[in-house]
Amino acid sequence: MSITLNGKSVDLREGVNTVEQLLSHYHLENRIVIVEINKEIVMKENYKTMSLSHGDVVEIIHFVGGG
Amino acid sequence: MSNRYSRQELFLGSKAQANINEASVIIIGAGALGSASAEMLVRAGIGVLTVVDRDYVDLTNLQRQQLYTEEDVSNQLPKAIAAKTRLEQINSEITINCFIEDVNGLNIEELIKGHSVIVDATDNFETSLIVNDAAVKHGIPFLFGACVGSYGLTYPIIPGETPCLHCLLNYLPMDGMTCDTVGVISPIVQITAALQITQVLQILSGETLFPILQSMDIWKNEKAEINVTQLKNKLCPTCGEHPSHPFLSFENQMKTDVLCGRDAVQLRPGLGRRTYSLPHLLERLESHVKNPVLNQYLLSCKFEDYRVVFFKDGRAIIHGTNEAKNARAVYNRFIQFY
Ligand SMILES: [Zn+2]
């Protein structure tokens, strides 16, 4: 399945089907993060159940401390 | 007639320029983001600029902290002082205030008083949340910004309009969560600060800012933007209907912060603060320390296996350890000589 992530097309490997799996794939599971799929923000409690579909436009922004 | 702001005024208009000349902005932190933001604001002719920072200039800062020089490093100047000196060279027509302080829940409200905009340049997310509480409570726009590696993000908090920083959290950050040790390259500092200062100019020009969280990674050439309007939380402890501003609550304990990637710990005394006479302290310590550097603001010296940088207000940065407990013990052994 391929999605558009932060403006770039990416092919997700097998086993990455939900928001939770996507976040852990990018090592963001313990981060403060905002996830948007097709212009709708996904609430944290739905990360486990929200499935990704081919062609989804996903934006992920994580917070960092530094400056 | 030639005017130092003429190029900017052609773009923004004379009314906006007048607003800029009358505005007072406070920057929290004078590290990389703070240096970049301060220089832009001073060149733009901001009426009053206040800079607050807890640290002193170190050699490893020079790669990205544009206000500082090798001379500042050898003089071990506090960043707030070195920044003020440099900023006054750039523009002598404006007022620059500087404070050598660690921003916390007890002093932030006093610091931001009377300012029209607050710019975030802290090096940790916890402090940004303290500033967010104070900004919302006092109705002052707050421009969040942070960067690490080649990645940066910004978000404008307009009290009463946009969701605040606290609304955006999907969980509360734990101590040390923000400890990033991957380094940073200077271009991302410039971009992040540039976005924040563009927002300052927009606010002072009367433009409306939208609640858009923005991030970019300049190494990977990735950008993201999320409109976070729907995250405005009616029950938010900071900006909701019954706010408690939890990050401003009383702190009366000695506070320790492990400084990420620097093999150092900062210690800050709690209430009942005092002012120390640094020459007196050095006199007492003389036979126990090596390579002391004393200036008006701090005493830096080698003590046992550590380098201790001790500020007048009792705050200290202990180099050579990453452990809070160990740093406390060193601090206590050090201060007993006073
Ligand atoms: Zn809020």
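No experiment lies behind these values; they were computed from the predicted model shown. (Residues numbered from 1 in each chain as written. Chains lettered and ligands numbered in written order. Predicted model: local features only at pLDDT ≥ 70, side-chain atom pairs only at ≥ 80, totals over all residues. Heavy atoms only, no water.)

**Remarks on the coordination of the zinc ion**
All names here are of chain B.
Okay, step 1: Around the zinc ion, the protein contributes the donor atoms Cys-164 (SG), Cys-167 (SG), Cys-236 (SG) and Cys-239 (SG), which lie 2.2 to 2.3 Å from the metal centre.
Okay, step 2: Given four donor atoms and angles of 95 to 122° at the metal, the environment of the zinc ion is assigned as tetrahedral.
Okay, step 3: Going along the chain, you hit the donors of the zinc ion in the pattern C-x2-C-x68-C-x2-C.
Okay, step 4: Look at Cys-164 and you get buried, because its relative accessible area is 1%. (Donors = N, O, S within 2.8 Å, 3.2 Å for Na, K, Ca; no water. Tetrahedral: all angles 85-135°; square planar, octahedral: opposite > 155°, others 65-115°. Buried < 20%, exposed > 50% of the residue type's maximum accessible area, 1.4 Å probe, protein only.)

**Quick notes on the domain arrangement of chain B**
Residue and element names in this part refer to chain B.
Okay, step 1: The assigned domain composition of chain B is domain 1 (6–251) and domain 2 (255–335).
Okay, step 2: With 18 residues of domain 1 in contact, the opposing surface of domain 2 contributes 22 residues.
Okay, step 3: Of the roughly 1,700 Å² buried between domain 1 and domain 2 on both sides combined, carbon and sulfur atoms contribute 53%.
Okay, step 4: For the pair domain 1 and domain 2, the interface holds three salt bridges.
Okay, step 5: Arg-268 is the partner of Asp-102 in a salt bridge, and the nearest nitrogen-oxygen pair spans 2.5 Å.
Okay, step 6: Across the contact surface, domain 1 and domain 2 share ten residue pairs in polar contact (both at pLDDT 80 or more).
Okay, step 7: Tallied by class, residues from the side of domain 1 that touches domain 2 come to eight nonpolar, four polar and six charged. (Domains from an automatic or database assignment. Contact = heavy atoms within 4.5 Å. Buried area = accessible area lost by both parts, 1.4 Å probe. Salt bridge = Lys/Arg side-chain N within 4 Å of Asp/Glu carboxyl O. Polar contact = N/O pair within 3.5 Å; in protein donor to acceptor, adjacent residues only side chain to side chain. Nonpolar A, V, L, I, M, F, W, Y, C, P; charged D, E, K, R; others polar.)

**Examining the interface of chain B and chain A**
Okay, step 1: If you look at the interface, chain B gives 38 residues, while chain A gives 24 residues.
Okay, step 2: Approximately 2,600 Å² of surface area, both sides summed, lies buried where chain B meets chain A, with 60% of it carried by carbon and sulfur atoms.
Okay, step 3: Taken together, the links from chain B to chain A amount to zero salt bridges.
Okay, step 4: At the junction of chain B and chain A, the tally comes to seven residue pairs in polar contact (both at pLDDT 80 or more).
Okay, step 5: Among the secondary structure elements, those contributing two or more residues to the side of chain B that touches chain A are α3 (32–44), β5 (142–148), β6 (151–157), β7 (212–217) and β8 (222–227) of chain B.
Okay, step 6: No other element matches the six residues that β8(B) contributes to the side of chain B that touches chain A.
Okay, step 7: Of the residues that constitute the side of chain B that touches chain A, the class distribution is 21 nonpolar, eleven polar and six charged. (Helix = DSSP H or I, 4+ residues; strand = E, 2+ residues; numbered from the N terminus.)

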